[in-house]
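Per-entry structural report
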Amino acid sequence: MSNTPSPAYDIDAAAIAARIDRPLVLVGLMGVGKSTIGRRLAGVLGRSFVDADEEIERAADRSVGEIFEAHGEAYFRDGERRVIARLMEEGHGVIATGGGAFVDGETRALVLEHGLAIWLDCDLDTLVERTSRKDTRPLLKTGDPREILFNLKEQRGPAYAQAQIHVVTDDGPHEATVARILEELAAWR
């Protein structure tokens, strides 16, 4: 194994981390890699990472699917908003949100005012393949996943487009996506 640093780290991540004075909030559809990329990005920047869905599940002592089933999406989104607000207030460096979080107008306003939203986006085929790996996505249990993801991409795109940064991911190495995010952060503001 080589000691040569990965290209993802060629950008001065420490300088970027010192300049960004707010949480980085990853938004986008399920399957784009918010949690996986978020963990790696936090590591590169020397910041903490938290997954909002995991925090919701911990607080409710139930899975996201169970909350949806028992109380519906509106109830879930209200709780999600409160959890994201708390995570931002606690000063977490990188926060991965659920796919629908940023679509909620109040949550989106909160993130845009107090954080830096990074929209991770990818093509439909990649989304279908990635989401097929888990059977824990409540919105995909109601019909054809490809059709549902296509419709979600169309419906949610205008909300996601309000994020300050937009990064397109692909099936390449996660380090390449982290490198693209770092490039965008270096150019931001």
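Every chain begins its residue count from 1, and numbering advances along the sequence as written. Per-residue local features of the predicted model are confined to residues with pLDDT of at least 70, and side-chain atom pairs are confined, for both listing and counting, to 80 or more; whole-chain, interface and lining totals are unaffected and use all residues. Hydrogens and waters are ignored; side-chain quantities use all the structure's heavy atoms.

The method works on a 1 Å grid over the protein atoms by themselves. A cavity is a set of points holding a 1.4 Å probe that cannot get out, a pocket is an open set with protein on both sides within 12 Å along at least five of seven lines, and residues with an atom within 4 Å of a point line them. Grid points are joined across faces, edges and corners, and a volume is the space filled by probe spheres set on the points. The space that makes up the largest pocket amounts to roughly 870 Å³. As for the largest pocket, its lining consists of 36 residues, and the residues nearest its centre are M30, G31, S35, K134 and R137. Those elements that place two or more of their residues in the lining of the largest pocket are α2 (34–45), α3 (52–60), α4 (64–71) and α5 (73–89). Of all the elements, α2 adds the most residues to the lining of the largest pocket, at four residues. Of the residues belonging to the lining of the largest pocket, the class tally is eight nonpolar, 13 polar and 15 charged. Size it by volume and the second largest pocket reaches roughly 180 Å³. If you go around the second largest pocket, the residues you meet are I56, A59, A60, R62, I67, H71, Y75, F76, G79, E80, R82 and V83. The helix and strand labels rest on DSSP assignments: H or I over at least four residues marks a helix, E over at least two residues marks a strand, and numbering proceeds from the N terminus. Of all elements in the fold, only α3, α4 and α5 reach the threshold of two or more residues within the lining of the second largest pocket. For the lining of the second largest pocket, the element with the highest residue contribution is α5, accounting for six residues. Here the residues of the lining of the second largest pocket sort into seven nonpolar, two polar and three charged. The residue classification treats Ala, Val, Leu, Ile, Met, Phe, Trp, Tyr, Cys and Pro as nonpolar and Asp, Glu, Lys and Arg as charged. All others, Gly included, are polar.

Another aspect to go through is the environment of D53. Summarising the element assignment, D53 is placed in helix α3. Remark: the alpha-carbon pair of D53 and V83, spanning 30 residues in sequence, is separated by 9.0 Å. Residue contacts follow a heavy-atom distance rule, with two residues in contact if any of their heavy atoms lie within 4.5 Å. Contacts of D53, omitting those with residues within four sequence positions, involve V64, F76, E80 and G98.

On to the confidence of the model for the protein chain. For the protein chain, per-residue confidence averages 88 on the pLDDT scale, and residues scoring 70 or more make up 94% of the total. How sure the predictor is of each residue is captured by pLDDT, a score from 0 to 100. pLDDT under 50 marks residues 1–8. Its contacts with residues more than four places away, or in other chains, come to five contacts.

In the sections that follow, a salt bridge refers to a side-chain nitrogen of Lys or Arg positioned within 4 Å of a carboxyl oxygen of Asp or Glu. Counted according to the given criterion, the structure contains 14 salt bridges. The salt bridge partner of E54 is R39, with a shortest N-O separation of 3.1 Å. Taken as a pair, E54 in helix α3 and R39 in helix α2 lie far apart in primary sequence, 15 residues in all. Residues E90 and R86 are paired through a salt bridge, measuring 3.1 Å at the closest nitrogen-oxygen approach. Residues joined in a network through salt bridges with shared partners are D78, R81, R82, D104 and E106.

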